[in-house]
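# An overview of the molecular structure
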Amino acid sequence: MSKTRALLTETEREQIAGEHGDQRRYQATSRVRRRIDEELSKDIEVLEEHHPELLEELRDVTCEERDHDE
């Protein structure tokens, strides 16, 4: 079974980490920002209405990661 992505592709992870130069980093950041603003917001709305348990799992993962970074 092939590996799927969450928010970033493997290449975007590399680009955002600066492994492919500033221009590629800027482009990847822009793509990801657009996904967050447009697509992730829609996904959250759907989960909120139709599957709040999955939304809670998403919150647990994202908030847990933030807590580790502080």
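Just above sits the structure.
Reference entry: report on the structure contained in this document.

Calculation notes
Residues numbered from 1 in each chain as written. Predicted model: local features only at pLDDT ≥ 70, side-chain atom pairs only at ≥ 80, totals over all residues. Heavy atoms only, no water. Salt bridge = Lys/Arg side-chain N within 4 Å of Asp/Glu carboxyl O. Helix = DSSP H or I, 4+ residues; strand = E, 2+ residues; numbered from the N terminus. Buried < 20%, exposed > 50% of the residue type's maximum accessible area, 1.4 Å probe, protein only. Expected span 1.5 Å × (residues − 1). Bend = angle between axes of the 7 residues up to and from the residue. Contact = heavy atoms within 4.5 Å. Polar contact = N/O pair within 3.5 Å; in protein donor to acceptor, adjacent residues only side chain to side chain. Patch = residues over 30% accessible without salt bridge, like charges linked within 9 Å, V, L, I, M, F, W, Y side chains within 5 Å. Areas by Shrake-Rupley, 256 points an atom, 1.4 Å probe, with all protein chains shown as cover. Lys, Arg positive; Asp, Glu negative; His and termini not counted. Charge placed at Lys NZ, Arg CZ, Asp CG, Glu CD.

The next point concerns the pattern of salt bridges. Scanning the model with the defined rule gives four salt bridges in all. As a salt-bridge pair, Arg13 and Glu10 come within 3.2 Å of each other at their nearest N and O atoms. Taken together, the positions of Arg13 and Glu10, both in helix α1 (residues 10–16) and three residues apart, correspond to about one turn of that helix. Among the residues examined, Glu10 registers a relative accessible area of 48% and is labelled partly exposed.

Bringing helix α2 (residues 22–50) into the picture now. Spanning 29 residues, α2 covers 40 Å between terminal C-alpha atoms, matching the ideal 42 Å at 1.5 Å per step. Along its length, α2 shows its largest kink, about 35 degrees, at Ile36. For α2, the complete set of buried residues consists of Ala28, Val32 and Arg35. Elements in contact with the buried residues of α2: α1.

Right, let's talk about the side chain of Arg35 for a bit. Relative to the elements of secondary structure, Arg35 occurs in helix α2. Look at Arg35 and you get buried, because its relative accessible area is 19%. A distance of 2.6 Å separates polar atoms of two side chains, one belonging to Arg35 and the other to Glu12. Ignoring anything within four residues of it in the chain, the contact list for Arg35 reads Arg5, Leu7, Leu8, Glu12 and Leu40.

A word on a negative patch on the surface. On the surface, Glu53, Glu56, Glu57, Asp60 and Glu64 cluster together into a negatively charged patch. With respect to the secondary-structure elements, Glu53 resides in helix α3 (residues 52–69).

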